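# A look at the structure
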Amino acid sequence: MPFNYESDSDSDSDTDLELVGEDEVREDVNMGDAHSEWGTNTSFHYDGASVASHPSSSAYPGPPSTIQSASTSFQASSAQQSNLSSFTSYEQNVEEPVSRSASPSSVISITESLETRIYRYEHGRSLNNYSDVYRLPADEEELSRLDKQHLMFIDIMGAKYPPPMGPILESSIPGEKKVLDLGAGNGACVTQLPPNFRSEVDDINMGLQHFYDKFDVVHCRLIASGIKDYQLLIEHISRVLRPGGLIELAEFDFTIYDGYRNRVKVSTRDPIGPPWFATFMAHINEAVLASGGDVDAASHLLNWIRNHEAFENVVYREFWLPVVPGHDNMYHENVYTRMKDDVLSFLKAGKPLLLGNGVLEEEFDIIEQHAIREIHESEIAQYTRLQCVYATKRYDVVLSETFAGQEY
């Protein structure tokens, strides 16, 4: 279920925002503060068969643009609910959630009774009713985690946005440019929501045909656990983007690595034991796979984008995240503080997912307690790998509106 935030070009704000998906975003909607671009470090630039160093460019001022964002599964915080404009692109029928109308133009506020229909409660946490795939919480506690996580990613990546976004969104016409965030979570990259944004509750897995040829930037981050077929999603995004538009993807592979970047092998068939966070993630991997999520998407992002006829100027970066910090010293101290907060909250957030996949509550409690101690006390670091790809859509490509596997 996504929250779409969209603003009209004739409003007082220059920015029209729409979000869609199950991830998170943060910071100002206006992009007026978007002067830090996606990292100052050197990254790898892939264009066809060539590989070259690609330094990020200088900062850019916030362009007048439309930002639309959607979150497939997160409940708006009480502070945000007064800002939400449209309710859902589904027909309002919980019994038949597969029927969906076009993106609504009317304004329907989210009331308490509607929230009750959208969300359900499992093991003390609120989950969404519209997706059988995405099974992480959608409550205030999760939104707070995503807030902090977004700030941590800015510290790690060195910026909010990849370098091409500035030039792509430059326009002298207010509202001409549009940004679509798939998996927007709580709308974290747009804290100052403009008066003309729109929110949309939806399921990305039903397709994005109603967004074709409408956006200049499409952003997805950490949504693979709720996506049935990520490669198929990329096909949709290639058609959502206008020529010259930017696709930006970031996912991790549900795997834990040691300090030598070797996979930590843990079997969920073995008795539970250390390393505890790796054991927890092995169960997360299994549960996401069982619910229909695409656990391998991160490892394929580069090839999917690089080999797609619609994209060029492909850039890949990866970041090793010390989920159990140990003696790691790659980052500034505040990154480790935020990382610990995020991982400890993620342990709690994973409870409905694991218990729903057959893990006994007493087993979960043992894993959680030992993992918490490991995070605070272990001298041996454990890592997960965040894989990020961005690219631009070719001007000379013509894509058919129909393609293999289009119906999810």
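The residue numbers shown here count from 1 along each chain, following its written sequence. Only residues with pLDDT of 70 or above have their local features reported here, since the model is predicted, and side-chain atom pairs are shown and tallied only from 80 upward, although totals for entire chains, interfaces and linings are computed over all residues. Hydrogen atoms and water are omitted, and side-chain values are computed over all heavy atoms in the structure.

Starting at the N terminus, helices and strands are each numbered in turn, a helix being any DSSP run of H or I of at least four residues and a strand any DSSP run of E of at least two. Of the regular secondary structure elements, the protein chain holds 10 helices and 11 strands. Relative accessibility thresholds used throughout: buried, under 20% of the residue-type maximum; exposed, over 50%; partly exposed, between the two (1.4 Å probe, protein chains only). Every one of the 408 residues in the protein chain was classed for burial, and the buried ones make up 60%. Contacts in the protein chain between residues far apart in sequence, at least 24 positions, make up 81% of those at least 6 positions apart. The protein chains shown are the only cover counted for residues, whose accessible areas, like all others here, come from Shrake-Rupley with a 1.4 Å probe. Put simply, the protein chain shows about 16300 Å² of open surface, and 48% of that area lies on carbon and sulfur atoms. Here, two residues are considered to be in contact whenever any of their heavy atoms come within 4.5 Å of each other.

Of all seven residues in strand β8 (residues 215–221), seven are buried; the element is thus mostly enclosed. In short, DSSP must find at least two bridges between two strands for them to pair. Where strand β7 (residues 178–182) lies against β8, four bridges are found, and the strand directions are parallel. The partner of V179 across the bridge, within β8, is V217. Relative to strand β9 (residues 241–252), β8 runs parallel, the two sharing six bridges. From the neighbouring strand, C220 faces β9, where its bridge partner is L249. A crossover counts as right-handed when, viewed with the strands pointing away from the observer, the path leading from the first strand over the helix to the second turns clockwise. For the crossover that starts at β8, traverses helix α5 (residues 230–240) and ends in the parallel β9, the hand is right-handed.

A few words now on the environment of Q209. Inspection of the secondary structure puts Q209 in the loop between β7 and β8. Taking the C-alpha atoms as reference points, Q209 and H236, separated by 27 residues in sequence, lie 7.2 Å from one another.

Each residue carries a pLDDT score, the predictor's confidence in it, ranging from 0 to 100. When pLDDT is averaged across the protein chain, the result is 73; 62% of the residues are at 70 or more. Contacts for the low-pLDDT stretch residues 1–101, under 50 throughout, to residues beyond four places or in other chains number 471 contacts.

Pairs can form between side chains of opposite charge whenever their charged atoms are close. The working definition used for a salt bridge is a side-chain nitrogen of Lys or Arg within 4 Å of a carboxyl oxygen of Asp or Glu. Taken as a whole and judged by the stated rule, the model has 11 salt bridges. When the shortest N-O distance is used, the salt bridge between R239 and E235 registers 2.8 Å. With R239 and E235 both in helix α5 and four residues apart, this pair spans about one turn of that helix. Connected through shared salt-bridge partners, K177, D216 and R242 make up one network.

Time to look at the packing of aromatic side chains. Pairing of aromatic rings covers Phe, Tyr and the six-membered ring of Trp, with a centre-to-centre limit of 6.5 Å; geometry is then stacked below 30 degrees between planes, edge-to-face above 60, and tilted otherwise. Throughout the structure, instances matching the rule amount to seven aromatic pairs. Taking the centre distance of 5.6 Å and the plane angle of 40 degrees together, the rings of F277 and F280 count as tilted. Of this pair, F277 and F280 both sit in helix α6 (residues 276–291), three residues apart, which is roughly one turn of that helix. Plain terms: the ring middles of F280 and F346 are 5.8 Å apart, the flat faces sit at 90 degrees to each other, and that makes the pair edge-to-face. Highlighted residues: F280 in helix α6 and F346 in helix α8 (residues 333–349), separated in sequence by 66 residues. Just as F280 is buried, F346 falls in that class too. Three or more aromatic residues joined by ring pairs make a cluster, and in this case those are F277, F280 and F346.

This part is about the packing of α5 against helix α7 (residues 297–306). Here an axis means a line fitted to C-alpha atoms, over the contact stretch when the element is a helix, while the angle between two N-to-C directions is reported on a 0 to 180 degree scale. At a minimum axis separation of 10 Å, α5 and α7 run at an interaxial angle of 40 degrees. In this view, α5 runs oblique relative to α7, as classed from their interaxial angle. Here α5 and α7 pass one another in a crossing that is right-handed. Each of Y230, Q231 and I234 in α5 lies in contact with α7, whose residues at this interface are A297, L301, W304 and I305. The residue makeup of the contact of α5 with α7, split by class, is six nonpolar, one polar and no charged. Here the angle decides the label: under 35 degrees means roughly parallel, over 145 means roughly antiparallel, 65 to 115 means roughly perpendicular, and every other value means oblique. The crossing is said to be left-handed when, going from far helix to near helix, the turn is anticlockwise and less than a right angle, and right-handed when the turn is clockwise. Gly counts as polar in this scheme, as do all residues outside two lists: the nonpolar Ala, Val, Leu, Ile, Met, Phe, Trp, Tyr, Cys and Pro, and the charged Asp, Glu, Lys and Arg.

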